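Observations on the model geometry
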Amino acid sequence: MLIQKRPLLQLLSYLFIVSQLFHFSHADVGTAAQYSPPYLPTACYGDDQTQFPSSNLFAAAGDGIWDNGASCGRQYLVRCISASRPGTCAPDQTIQVKIVDYAPTAQSQPSAQSTTIVLSETAFGGITNIAVDSINIEFQQ
């Protein structure tokens, strides 16, 4: 009986070790732009100043994640993965932003149109080193 269990245990151990070699990401890939003040009023919370996190890490949702307003208040982890200019992305920097607005109706125009998400100046600067209009991002809720 002991002899029959040993190959099964070895197989399970092997499968566990192999599974640790692969990293499965649950993030999506999209694009991001930035926008500047004025940020009020917003589509999510109107003129309420308390909607903005004290860190100023907030964003406006593009059509792809707006979800008819259900994205209001959602938190997203965002990381710059590439841009048109080398060296744009701040290496190993991930930020957490709160959705407070809908990009197509935001008070100020984004630096690029039709992006997945439009980040506040502070948020965009937190993951980039160089001023550009848009970046490619990895994001997850």
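A full pass over the atoms with the stated rule returns two disulfides. Paired by a disulfide, cysteine 80 and cysteine 89 hold their sulfur atoms 2.0 Å apart. Judged by the sign of its S-S torsion, about -55 degrees, the bond between cysteine 80 and cysteine 89 is left-handed. Taking the relative accessible area as the measure of exposure, cysteine 89 reaches 18% and is therefore buried. Here the bonded cysteines of the protein chain are numbered in sequence order, and their pairing is 1-2, 3-4.

Right, let's talk about the pairing of strand S4 (residues 94-102) for a bit. For S4, a buried count of seven out of nine residues is recorded, marking the element as mostly surrounded by other parts of the structure. Taken together, the four bridges between strand S2 (residues 58-61) and S4 define a ladder with parallel strand orientation. Within S4, the residue paired with alanine 61 across the bridge is tyrosine 102. Of the strand pairs in this sheet, strand S3 (residues 75-82) and S4 are connected by five bridges, and their pairing is antiparallel. Residue arginine 79 lies in a different strand from S4, and its bridge partner there is threonine 94.

Criteria and cut-off values
Residues numbered from 1 in each chain as written. Predicted model: local features only at pLDDT ≥ 70, side-chain atom pairs only at ≥ 80, totals over all residues. Heavy atoms only, no water. Disulfide = S-S within 2.5 Å. Buried < 20%, exposed > 50% of the residue type's maximum accessible area, 1.4 Å probe, protein only. Helix = DSSP H or I, 4+ residues; strand = E, 2+ residues; numbered from the N terminus. Pairing = 2+ DSSP bridges.

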